[in-house]
Amino acid sequence: MIPKAELHVHLEGTAPPQLVRRIAERNGLRVPDGVFAAPDRFAWRDFLDFLQTYDMAASVVRTAEDYRDITYEYLRACAAEGAVYVELIASPDHAALVGLSDAEHLGGIAAGIDAARAEHGIEARILLTCIRNFGVESAVRIARHAAERPHPYVVGFQMAGDEAGYPPGPFAEAYAIAADAGLGCSVHAGEWAGPESVRGALELPVTRIGHGVRAIEDPAVVAEIAERGVVLECCPTSNVVLGVFESYEAHPLPALRDAGVKVTLASDDPPYFGASIGGEYAVASERFGWGDAALVAITRTAIEASFAEPELRAALLARVGDADGRPT
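Treat the numbers as computed from the prediction; the structure is a model and nothing was measured.

Draft legend 1. Structural view of the sheet that holds strand β7 (residues 184–189). Strand order in this open sheet of eight strands is β1-β4-β5-β6-β7-β8-β9-β10, and the pairing throughout is parallel. Because the sheet does not close on itself, it has two edges, and the strands there are β1 (4–10) and β10 (262–265). Averaged over all pairs of adjacent strands, the angle between their axes in this sheet comes to 25 degrees, without regard to strand direction. Across two bridges, strand β6 (residues 154–160) lies against β7 in parallel orientation. Across the sheet, residue F157 finds its bridge partner in β7, namely C185.

Draft legend 2. Fine view of the side chain of H105. Tracing the backbone through its elements, the reader meets H105 in helix α5 (residues 102–120). The class of H105 is buried, set by a relative accessible area of 0%. Other than its neighbours up to four places away in sequence, H105 contacts E12, Y67, A90, S91, P92, A95 and L100.

Draft legend 3. Structural view of the pattern of salt bridges. Per the counting criterion, the structure on display carries 20 salt bridges. A salt bridge links R26 to D69, with the nearest nitrogen and oxygen atoms 2.7 Å apart. A residue pair is termed long-range when its members are at least 10 positions apart, and R26 in helix α1 (residues 17–26) and D69 in helix α3 (residues 64–80) qualify at 43 residues. Ionic pairing is found between R208 and E233, a salt bridge with its closest N-O pair at 2.7 Å. Note that R208 is positioned in strand β8 (residues 208–211) and E233 in strand β9 (residues 231–234), a separation of 25 residues in sequence. Exposure remark for R208: the relative accessible area of 0% places this residue in the buried category. With relative accessibility at 0%, the residue E233 sits in the buried group. Through salt bridges that share partners, R26, E65, D66, R68 and D69 make up one connected network.

Calculation criteria
- Residues numbered from 1 in each chain as written.
- Predicted model: local features only at pLDDT ≥ 70, side-chain atom pairs only at ≥ 80, totals over all residues.
- Heavy atoms only, no water.
- Pairing = 2+ DSSP bridges.
- Helix = DSSP H or I, 4+ residues; strand = E, 2+ residues; numbered from the N terminus.
- Axes fitted to C-alpha atoms, helices over the stretch in contact; angles between N-to-C directions.
- Buried < 20%, exposed > 50% of the residue type's maximum accessible area, 1.4 Å probe, protein only.
- Contact = heavy atoms within 4.5 Å.
- Salt bridge = Lys/Arg side-chain N within 4 Å of Asp/Glu carboxyl O.

As structure tokens, this is what we get:
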């Protein structure tokens, strides 16, 4: 089995319908109307409607135990598909909306990481994300909190939400705070807005971009990404299901890679899109024609670009081996 690593997955968005129902029942809550289209399928029409469904499903997640279970269940599933490392995008805003403290929020996620490591041998770390449509002040607050109260598993800072309505520029202060504190920085760009969004992201202190695939619309932006060695966290299934691109054949991931851009594979919000980290590697193999050596190289790129501590990165790279599968 090809070893895999994932840098772009939203923690609340990893919980499948059955887990959302189980958590709601445990908390004595009713899942809001409109969340499910079928017993095993979430309901949404387009990207902004997806965001609303996501928020409604996340509203039943209320305790540290809930976050522990979501984290553990996802990492267990990833390990079964050969994943050795995952970075989980966690939203303090979602936790705060249900009255959960930062200590409870992060404590629950950390407990899930520890349990998954002990039982399945997979490692994970946390990226704290601000939600751009919640405003600049909220983003600054999250970045400052992460900087002033470090947690051993919190290694990075992200920004998600409504990209088209909220360009990256106004969030520069939040990113400066996070970067100055030594947190790795990534940002969603080039998914629902075009190359101008990616260009704006490149003005932030980021080494990675979430999605970034619409950079393909401007060769100069592609060239800058490649020259600077900025890594793209690519989610092909999410892009196709949401309609960013009409098919896998139309997806620019192979062209970006051929242009010298460093790329990785990720599932984004897997149960919403019928995705998984194993499924994304299968897409790369079956739709893009990438062989085992190329897939191992993708995993090595992800680990090298991860925000994990250097000792963990080195151990993971040794575990993955080289493109021929030999230990390094």
